[in-house]
Amino acid sequence: MIISTNWLSDYINHGLSANELADQLTMCGLEVESVEKLGSTFEGVVVGLVESKRPHPNADRLSVCMVNVGAELPLQIVCGASNVAPGQHVAVATIGTTLQLPTREDPSVTAPVVMKQAKIRGEESSGMICASDELGLGGDHSGIMVLDETAAVGTSFVAYLSARGSSLSDCAIDISITPNRPDAISHLGIARDVAALTGAAVVRPSVDIPSVGGAASEQVKISIEAPELCSRYTGVLVKNVVIQESPEWMKQRLTTIGLRPRNIIVDITNFVMYECGQPLHAFDFDQVAGGQIIVKATKGLTTFTTLDSKERELPSGTLMICDGEREVAIAGIMGGENSEVTDKTTNVLIESAYFDPSSIRRTSKALQLQTDASYRFERGIDAKGQAWAALRAAQLMVELAGGELVHGMVDNHPVPHVSRTVKVRASRVGKIVGVEIAPDEMVRLVKAIGFEVRELSSEPKEWEVTVPSFRPDVEREIDVIEEIARLYGFDNIPEPSHSRVPNFIPSVSNTRLQRERIRDVLAGSGFRETYTNSMLPSSTSEAFNSSSLPAGRFKGEVVLTLNPITTEMSTLRPSMLPGMLKVVGHNQNHGQTALRLFEFGRVHSKKKTNLSLVGDYTEIESLILISSGNWSAQGWYGEGREVDLFDLKGTIELVLSAVGLSNIRFIDSKPDPLFSFGVDVLSGKRWIGTIARVSNSATKPYDIRSSTLMAELDWTAISDMTASQSQVRYEAISRFPVVERDLAVLIGRDQAVGPILETITRAGQPLLKAVQVFDLYEGKGIDPSKKSVAFGLRFGSDRTLRDNDVDRAVSKVLKALEGDFDAQLR
Amino acid sequence: MSDPKNHSAEAALAALKELQHEIQESVLDSIEAVDEYRIRFLSRKQGQITALLKRIPEVANEHKKHFGQEINAAKALVEARIESATVQFSAGEESSGPVPDLTLPGRVAAKGSLHPITQALRLITRVFESYGFEVAEGPEIEDDWHNFSALNFPPDHPARDMQDTFFIEAPSHVHSGILLRTHTSPVQIRVMENKKPPIRVIVPGRVYRNEAISYKSYCLFHQVEGLYIDEGVTMANLKQIIHAFARTMFGENVKMRFRPSFFPFTEPSAEVDIWWEDANLPDGGRWMEIMGCGMVDPNVLEGLGIDSEKYTGYAFGMGIERISMLRFGIEDIRILYENDVRFLEQFS
């Protein structure tokens, strides 16, 4: 909410500069987002009288005016406004005047411009006839500003303004109001806090509040059929108003706070709302059938045209204001077109009501329509402020619009406001805030913002605090403590010199330590970490919700959001692969051809599993690795080499060994259109991930030009298996030498090596400690249907191995290979 | 006069003296030369020292000791020279061929890096771990209860507008509904559901906000929240820990201020600003918000069965992106999610 410092000064003489004021407000919980100085000193701007006007000979849109500014000779001024006319009193910026004018590049930014003698399309021009925005008075640029005829020609514009109650300059302070401060959404509300901070007094305009009844109650009937949604409805009638523009001072105030002045009646309702926080609505009373107001909720779907000329569908249960025949306003949100104040209005019914905050919020949400009124009602307005606000508006309509107040008022008040009291203990304040505040000081602070305090006990000190009606947010002791702390000043709370740490042993999450360790392992292996968006278009999520990938294996649906920002981000990722492919494509397009990337993140599936924490959703952590282009770079020492599956396989083996996961197996994956080929990674029988070459059809949409390998692991499963591993115990290193034997065997050309390794490992027990493949050969010298594989076997034991021990183990291995794979020793 | 044994000893000593020079000066500049040297002196059949050793019995008793010492010393010297030359050659092919061009660049190793968000998060975590905080994590898809209601957001309250929410399932009744968590505070609730005070925990994680994407906001970001529930915890303690944190992140002399604010789950609530020097600004800098915090609202504690009269606590929360953007001088949040290698490699 924006406040005007001039306007605020009407209620409190705080003696602070705009910046000091902003600082104090911020430090008491009313955060100032910006302070904008408006207007200028108007030095050099004078009142002029347009004596004549002729068309500019060389420009259709311009005219040449002779303007009397009280000097001996009139000034010739070229003017571009169409509304300029002889006889008008205008504001003239004379030569040498500095004005803040909108820049050509960005009209919302102004820069100082000095008026100079100029020739405009061949005609001399000695100054400028100003529009109101050129004077920093905001808004209207549709034409020059036309002054009162009574303005004395040649006098300063400043004098003109101040004679009319306007100020030379103003400050707009934009305050971000938190939801707990409905009392601060008005100038008087802000003034209340400023008073508490500075000790200055708040002066509220005096308003005569008539007794309920009188002539008004004979002409206006108000009935409330939904008292739970409307606890009070006050109506005041003003007749014979003359619809006109508001006086300059009011227009200036409204403009400063960002409102567009409309007509005197609408402006007054806005003015009073920003003055005291009570939203008002003005009905054209002649459009209110039967002079009757009925407050009731709709039954069934209703359509209604609001005063912004939009037809709206109202859900059942919407609280409406009706007259004798029809709906005339959506309660607390917006009036109807059928009863709004127009140029022809003469009689005005002012509505000042209290509507239930939740009901207004629900309606406002359902209609996606937030107004200044709904913003205040949904936060909770002053439950006792209705009569004052209605009469304040009526008084202004009498003063400024020539209206006549119809005697009396209607005040339907089915649910009277009951003041709330809260018990507050002085000791509790210290327990929360951590600083000893003197009890008298606490009392002074809360009294300053309108709370009443009655002592219940002096030892220990306890009070009964009565909460003012404009603070609906204060319900409990802690709310009062917050008020005390806020006004005492958080900056005045001292920091203790020592830290308090409880005497307990923080548990360490192995899951997290492991993840951090793997991050380091991967960064050390040349992979760069990425953070990609979790939200994907639904077509992408559908395509990658593959049962070859960790989250897709749950065979659930893709998780959709109900209210996406764009369709590009309407689902949660079932895999990190598409996000990664996008990164690969982006980087290749920017000249990075050799890529190794990784990311840890959550992937999602709509499926109830034993991992579901919330609803029917399964969320697991995934680790993705991707590599595209060259794995090793070309250099003086040799050619570069494009990444292949074994590069990623080696990295995955490194990762899994780093977390201590053993018994890793790789088996061919079943075909998947996302991949050209790949292997599933298992630990024992448990699936933990996949390593694959991404198919060209899958990389194509991402504009990827080189072979791309990926691995995605179910990190939740891996953590589950490894995080609870018992502490490592040292195992004595064998003092006995190891024996190495090489074994080259011939096997069928199509025979996979993986199962052979498994057989060797099994058959070599217990002496075989390690096995590796050191050569693979097919071609010249061997049977074309065969290939030769050479294994290095390493044997060891806790005794010295004799040759025949090892021979026996080797022949056991050979026999198994012969049996399982028809392998022949080469 | 001439005892044949004396004569023999003299001859043997003379022979040894003759060898001394060669033992010491022979050039051992290749493996071959070392082999030749060893064969010449130590070989069982032709070795000259071996031959002298065989002659010991011929020497007269009174000279035996002296002769034996001399010959063994010579043998030790030969062995030492062989040893040192062998070590030298086995360390590399130093002498085989010319020295390569050492100005050629090294073989390229792929360079990895950690994302700036990870780096900032680690720094933040380390600060709080050093003050005895545990680390907890929780789900990104949350229910309304943990994300809002248990945190004292009343239904139909404007406080819910403070965090624009992505919904997954519309609420069918009060407190129901499934959504993407808007903050990591629901994990605080999950921790308190499972644990009795003292509780001292930080919660890092990804959170989502349904806001238009711009240079300063993205549809998701990462938060670290902290929670400390114990007997006798006050706002003064909160100020102290936050100040310690700010000094670690932004320097010992960081200027910090606490100003009152509002969060449904804390009361009193505050926002923390640090003074950010910027010579281009009229005041020489400006206040930058780095986090929100406050004393845990009694409603939150009571809702979890924690006696709010006995226990008090503080909570705080900050955006990691915001902190890393400040630390690293990043001006557009979107670049963090673009993952351009030219950006990532700056954080190696």
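As the structure is a computational prediction, the values presented were derived from the model and not from experiment.

Some details on the domain arrangement of chain A
Thinking step 1. The domains assigned to chain A are domain 1 (2-39 + 170-198), domain 2 (45-167), domain 3 (214-412), domain 4 (420-492), domain 5 (510-722) and domain 6 (739-825).
Thinking step 2. Here the C-alpha centre of domain 5 of chain A lies 59 Å away from the C-alpha centre of domain 3 of chain A.

A word on the sheet that holds strand E4 (residues 178-180) of chain B
Pairing between the strands of a sheet is mediated by backbone hydrogen bonds and can be parallel or antiparallel.
All names here are of chain B.
Thinking step 1. Judged by pairing direction, the sheet is antiparallel, and its 3 strands sit side by side in the order E2-E4-E3 without closing on themselves. Here the strands that pair on one side only, and so sit at the sheet edges, are strand E2 (141-143) and strand E3 (167-169). Neighbour-to-neighbour, the strand axes of this sheet turn through a mean angle of 35 degrees, independent of strand direction.
Thinking step 2. For E2 and E4, the ladder comprises 3 bridges, and the chain directions are antiparallel. Looking at E4, one finds that Asp143 is bridged to Ile178.

Notes on the interface of chain A and chain B
Thinking step 1. In this complex, chain A contributes 91 residues to the contact, which on the side of chain B involves 98 residues.
Thinking step 2. Of the roughly 8200 Å² buried at the junction of chain A and chain B (both faces included), carbon and sulfur atoms supply 53%.
Thinking step 3. Counting the contacts that link chain A with chain B gives 9 salt bridges.
Thinking step 4. Residues A:Arg476 and B:Glu267 are paired through a salt bridge, measuring 3.1 Å at the closest nitrogen-oxygen approach.
Thinking step 5. Ranked by residues supplied to the side of chain A that touches chain B, first place goes to strand E32 (residues 595-606) of chain A with 7 residues.

What to know about the pairing of strand E4 (residues 63-68) of chain A
Residues and elements named next belong to chain A.
Thinking step 1. Sheet analysis places strand E3 (residues 45-55) next to E4, joined by 6 bridges and oriented antiparallel. Among the inter-strand pairings, Pro55 is bridged to a residue of E4, identified as Ser63.
Thinking step 2. Hairpin remark: E4 followed by strand E5 (residues 75-79), antiparallel, with 6 residues in the connecting loop; positive phi at Gly70, about 85 degrees.

Comments concerning unusual backbone geometry
Residues and elements named next belong to chain A.
Thinking step 1. Cis geometry marks the peptide bond from Glu459 to Pro460; its omega dihedral reads -5 degrees.
Thinking step 2. Of note, Pro460 is situated in the loop between strand E27 (452-458) and strand E28 (461-467).
Thinking step 3. One non-glycine residue, Arg121, adopts positive backbone phi at about 50 degrees.
Thinking step 4. Backbone geometry places Asn663, a non-glycine residue, at a positive phi of 55 degrees.
Thinking step 5. Position of Asn663 among the secondary structure elements: in the loop between helix H17 (645-658) and strand E36 (664-668).

Comments concerning the pattern of salt bridges
Thinking step 1. Evaluation of the coordinates by the stated rule reveals 60 salt bridges over all chains.
Thinking step 2. Residues B:Glu129 and A:Arg512 are paired through a salt bridge, measuring 2.4 Å at the closest nitrogen-oxygen approach. Of this pair, B:Glu129 sits in helix H5 (residues 116-130) while A:Arg512 is found in helix H14 (residues 510-524), placing the two residues in two different chains.
Thinking step 3. Take A:Arg512: its relative accessible area is 9%, and that puts it in the buried class.
Thinking step 4. A salt bridge links B:Glu271 to B:Arg259; the shortest N-O distance between them is 2.8 Å. Of the two residues, B:Glu271 sits in strand E8 (residues 266-277) while B:Arg259 sits in strand E7 (residues 256-263), which places them 12 residues apart along the sequence. The pair B:Glu271 / B:Arg259 is uniform in exposure class, with both members buried.
Thinking step 5. One network of salt bridges, in which partners are shared, links A:Asp23, A:Glu31, B:Arg257, B:Arg259, B:Glu271, B:Asp273 and B:Glu289.

Examining the environment of A:Val238
Residues and elements named next belong to chain A.
Thinking step 1. Mapping Val238 onto the fold places it in strand E15 (residues 230-239).
Thinking step 2. Considering only alpha carbons, one finds Val238 and Asp672, 434 residues apart in sequence, at a separation of 78 Å.
Thinking step 3. In this view, Val238 contacts Thr346, Asn347, Val348, Ile350, Ala394, Met397, Gly403, Glu404 and Leu405; residues no more than four positions away in its chain are not counted.

Observations concerning the pairing of strand E42 (residues 786-795) of chain A
All names here are of chain A.
Thinking step 1. Burial runs high along E42: 8 of the 10 residues are buried.
Thinking step 2. Relative to E42, strand E40 (residues 739-748) is paired through 10 bridges, and the arrangement is antiparallel. Looking at the pairing, Gly748 lines up with Lys786 of E42.

Considerations on helix H7 (residues 185-194) of chain B
Because the α-helix completes a turn every 3.6 residues, residues three or four places apart line up on one side.
Residue and element names in this part refer to chain B.
Thinking step 1. Of all 10 residues in H7, 8 are buried; the element is thus mostly enclosed.
Thinking step 2. Taken residue by residue, H7 has Ser185, Pro186, Val187, Gln188, Ile189, Arg190, Val191 and Met192 as its buried positions.
Thinking step 3. Where the residues of H7 are buried, they touch E2, helix H6 (144-147), strand E5 (199-208), strand E6 (220-230), helix H9 (298-303) and strand E10 (312-319).

Some thoughts on helix H21 (residues 803-821) of chain A
Residue and element names in this part refer to chain A.
Thinking step 1. Taking 1.5 Å per residue as the helical rise, H21 with its 19 residues ought to reach 27 Å, and the 26 Å between its terminal C-alpha atoms agrees with that figure.
Thinking step 2. Taken together, the buried positions of H21 are occupied by Asp805, Val806, Ala809, Val810, Val813, Leu814, Ala816, Leu817 and Phe821. The buried residues of H21 occupy an angular sector of 170 degrees when projected down its axis, which confines them to one face. The exposed set on the far side of H21, more than 90 degrees from its buried face, consists of Arg808, Lys815 and Gly819.
Thinking step 3. Here the buried face of H21 lies against E40, helix H20 (753-763), E42 and strand E43 (824-825).
Thinking step 4. Remark: Asp822 follows H21 within two positions and exhibits a positive phi of approximately 60 degrees.

Re the sheet that holds strand E26 (residues 420-425) of chain A
Residues and elements named next belong to chain A.
Thinking step 1. The antiparallel open sheet is built from 3 strands, whose spatial order is E26-E28-E27. A strand with exactly one partner marks an edge of an open sheet, and here the two such strands are E26 and E27. On average, each strand axis in the sheet is tilted by 25 degrees relative to the strand beside it, whichever way the strands run.
Thinking step 2. The pairing of E26 with E28 spans 6 bridges and is classified as antiparallel. Opposite Arg420, over in E28, you have Val467 as the bridge partner.
Thinking step 3. Docked against the sheet, helix H11 (residues 426-433) engages E26 and E28, running at close to 70 degrees with respect to E26.

Describing the side chain of B:Thr312
Residues and elements named next belong to chain B.
Thinking step 1. Relative to the assigned elements, Thr312 resides in strand E10.
Thinking step 2. Taking relative accessible area as the criterion, Thr312 reaches 6% and is therefore assigned buried.
Thinking step 3. Here Val233 takes part through its backbone oxygen, which lies 2.6 Å from a polar atom of the side chain of Thr312.

Remarks on the side chain of B:Arg181
All names here are of chain B.
Thinking step 1. Tracing the backbone shows Arg181 in the loop between E4 and H7.
Thinking step 2. Although buried, Arg181 forms no salt bridge, and the nearest oppositely charged side chain, Glu140, lies 4.6 Å from it.
Thinking step 3. Residue contacts for Arg181: discarding those within four places in its chain leaves Gly138, Pro139, Glu140, Glu142, Asn147, Pro186, Val187, Gly205, Arg206, Val207 and Tyr208.

Here's the deal with the packing of H20(A) against H21(A)
Residue and element names in this part refer to chain A.
Thinking step 1. Interhelical geometry of H20 versus H21 gives an angle of 140 degrees and a closest axis separation of 9 Å. Here H21 runs oblique to H20, going by the angle between their axes. Here the hand of the crossing between H20 and H21 comes out right-handed. Residue-level contacts link Pro755, Ile756, Thr759, Ile760, Arg762 and Ala763 of H20 to Lys812, Val813, Ala816, Leu817, Asp820 and Phe821 of H21.
Thinking step 2. Residue composition of the contact of H20 with H21, grouped by class: 8 nonpolar, 1 polar and 3 charged.

A look at the packing of aromatic side chains
Thinking step 1. Per the counting criterion, the structure on display carries 23 aromatic pairs over all chains.
Thinking step 2. Consider the rings of A:Phe355 and A:Phe377, whose centres lie 5.0 Å apart with planes at 65 degrees: the pair is edge-to-face. Taken together, the residues A:Phe355 in strand E23 (residues 348-355) and A:Phe377 in helix H9 (residues 372-379) connect sequence positions 22 residues apart.
Thinking step 3. On the basis of relative accessible area, A:Phe355 is assigned to the buried category, the value being 0%.
Thinking step 4. By relative accessible area, which is 2% here, A:Phe377 ends up buried.
Thinking step 5. When the ring of B:Phe133 is compared with that of B:Phe316, the centres are 6.2 Å apart and the planes differ by 70 degrees; the resulting orientation is edge-to-face. A residue pair is termed long-range when its members are at least 10 positions apart, and B:Phe133 in the loop between H5 and strand E1 (134-135) and B:Phe316 in strand E10 qualify at 183 residues. Here the two residues B:Phe133 and B:Phe316 agree in accessibility, since each one is buried.
Thinking step 6. Aromatic rings pair up to connect B:Phe128, B:Phe133, B:Tyr228, B:Phe245, B:Tyr314 and B:Phe316 into one cluster.
Thinking step 7. The lysine or arginine in question, A:Lys649, covers the ring of A:Phe666, its NZ or CZ lying 4.5 Å from the ring centre.

Observations regarding the packing of H14(A) against helix H19 (residues 715-722) of chain A
All names here are of chain A.
Thinking step 1. Where H14 meets H19, the axes come as close as 10 Å, and the angle between the chain directions of the two elements is 120 degrees. As judged from the angle between their axes, H14 and H19 are oblique. Remark: the crossing between H14 and H19 carries right-handed chirality. Together, Thr511, Gln514, Arg515 and Ile518 of H14 and Trp715, Ser719 and Thr722 of H19 make up the contact between the two elements.
Thinking step 2. For the contact of H14 with H19, a count of residues per class yields 2 nonpolar, 4 polar and 1 charged.

Rules used in this analysis
- Residues numbered from 1 in each chain as written.
- Chains lettered and ligands numbered in written order.
- Predicted model: local features only at pLDDT ≥ 70, side-chain atom pairs only at ≥ 80, totals over all residues.
- Heavy atoms only, no water.
- Domains from an automatic or database assignment.
- Pairing = 2+ DSSP bridges.
- Helix = DSSP H or I, 4+ residues; strand = E, 2+ residues; numbered from the N terminus.
- Axes fitted to C-alpha atoms, helices over the stretch in contact; angles between N-to-C directions.
- Contact = heavy atoms within 4.5 Å.
- Buried area = accessible area lost by both parts, 1.4 Å probe.
- Salt bridge = Lys/Arg side-chain N within 4 Å of Asp/Glu carboxyl O.
- Buried < 20%, exposed > 50% of the residue type's maximum accessible area, 1.4 Å probe, protein only.
- Expected span 1.5 Å × (residues − 1).
- Arc of directions from axis to C-beta.
- Polar contact = N/O pair within 3.5 Å; in protein donor to acceptor, adjacent residues only side chain to side chain.
- Lys, Arg positive; Asp, Glu negative; His and termini not counted.
- Parallel < 35°, antiparallel > 145°, perpendicular 65-115°, else oblique.
- Left-handed = near helix turned anticlockwise from the far one by under 90°.
- Nonpolar A, V, L, I, M, F, W, Y, C, P; charged D, E, K, R; others polar.
- Phe/Tyr/Trp six-rings, centres within 6.5 Å; stacked < 30°, edge-to-face > 60°.
- Lys NZ or Arg CZ within 6 Å of the ring centre and 35° of its normal.

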